[in-house]
Amino acid sequence: MDEENFNLSMRKFLKMVGVSSQHEIEKAVAAAIAGGSIKGTESFPAKVTLEVAGIKLNVSFDGEIHLQ
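Residue numbering note: each chain is counted from 1, following its sequence as written. Thresholds applied to this predicted model are a pLDDT of at least 70 for local features of residues and 80 or more for the giving and counting of side-chain atom pairs; totals over whole chains, interfaces and linings are not thresholded and use all residues. Side-chain figures throughout are based on the complete set of non-hydrogen atoms in the structure, without hydrogens or water.

Trainee: I keep staring at the environment of K39 and nothing clicks. Help me out?
Mentor: With respect to the helices and strands, K39 occurs in the loop between α1 (3-34) and β1 (43-52). Taking the C-alpha atoms as reference points, K39 and V29, separated by ten residues in sequence, lie 9.7 Å from one another. The helix count covers DSSP runs of H or I at least four residues long, the strand count covers runs of E at least two residues long, and both are numbered beginning at the N terminus.

Here it is as structure tokens:
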């Protein structure tokens, strides 16, 4: 295994996931506020599941997103 290549590809993947996830959450929150279904002061439970089938990895991370 090439440690350097492994670490670079993992960081690239995690950066893409982080940036894309943030963008999708921001769009969904903006749409919900515009549609009147939320006020913009709520908190929401959030969950992310990471799966890497080739190494049989499946792990979930739970958290909360606060709008205010």
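Still to come is the rest of the account.
Trainee: Can you help me understand the pairing of strand β2 (residues 57-66) in this one?
Mentor: If a strand is regular, its side chains alternate between the two faces of the sheet. Here β1 pairs with β2 via ten bridges, running antiparallel. The residue bridging P45 from the neighbouring strand is E64, located in β2. Following DSSP output, two strands are said to pair if at least two bridges run between them. Turn length for the β1-β2 hairpin, with the two strands adjacent in sequence and antiparallel, is four residues, and the turn residue K56 shows positive phi of about 55 degrees.

Trainee: Even after reading the chapter, I still don't get the layout of surface pockets, so can you show me in this structure?
Mentor: One simple way to see leftover space: roll a probe sized like a water molecule over the atoms. In this analysis a 1.4 Å probe is tested at points of a 1 Å grid over the protein atoms alone, and where it fits but cannot get out there is a cavity; an open set with protein on both sides within 12 Å along at least five of seven lines is a pocket; lining residues have an atom within 4 Å of a point. Grid points are joined across faces, edges and corners, and a volume is the space filled by probe spheres set on the points. In this structure, the largest pocket occupies an estimated 250 Å³ of space. As for the largest pocket, its lining consists of 13 residues, and the residues nearest its centre are V17, S21, V48, T49 and F61. For the lining of the largest pocket, the elements supplying multiple residues, two or more each, are α1, β1 and β2. The residue makeup of the lining of the largest pocket, split by class, is nine nonpolar, three polar and one charged. Charged residues are taken to be Asp, Glu, Lys and Arg, nonpolar residues to be Ala, Val, Leu, Ile, Met, Phe, Trp, Tyr, Cys and Pro, and polar residues to be all remaining types, Gly included.

Trainee: I keep staring at α1 and nothing clicks. Help me out?
Mentor: Since the α-helix turns once every 3.6 residues, residues separated by three or four places project in the same direction. Each residue after the first adds 1.5 Å to the expected span of a helix. The end-to-end C-alpha distance of α1 is 46 Å, a good match for the 46 Å that 32 residues give at a rise of 1.5 Å each. Residues adjacent in sequence count toward polar contacts only when both atoms are side-chain atoms; beyond that, a polar contact is any pair of N or O atoms within 3.5 Å, and within protein one must be able to donate a hydrogen and the other to accept it. The opening residue of α1, the one whose side-chain oxygen lies 3.1 Å from the backbone nitrogen of E4, is D2. Once α1 ends, the next one or two residues include G36, with phi positive near 80 degrees.

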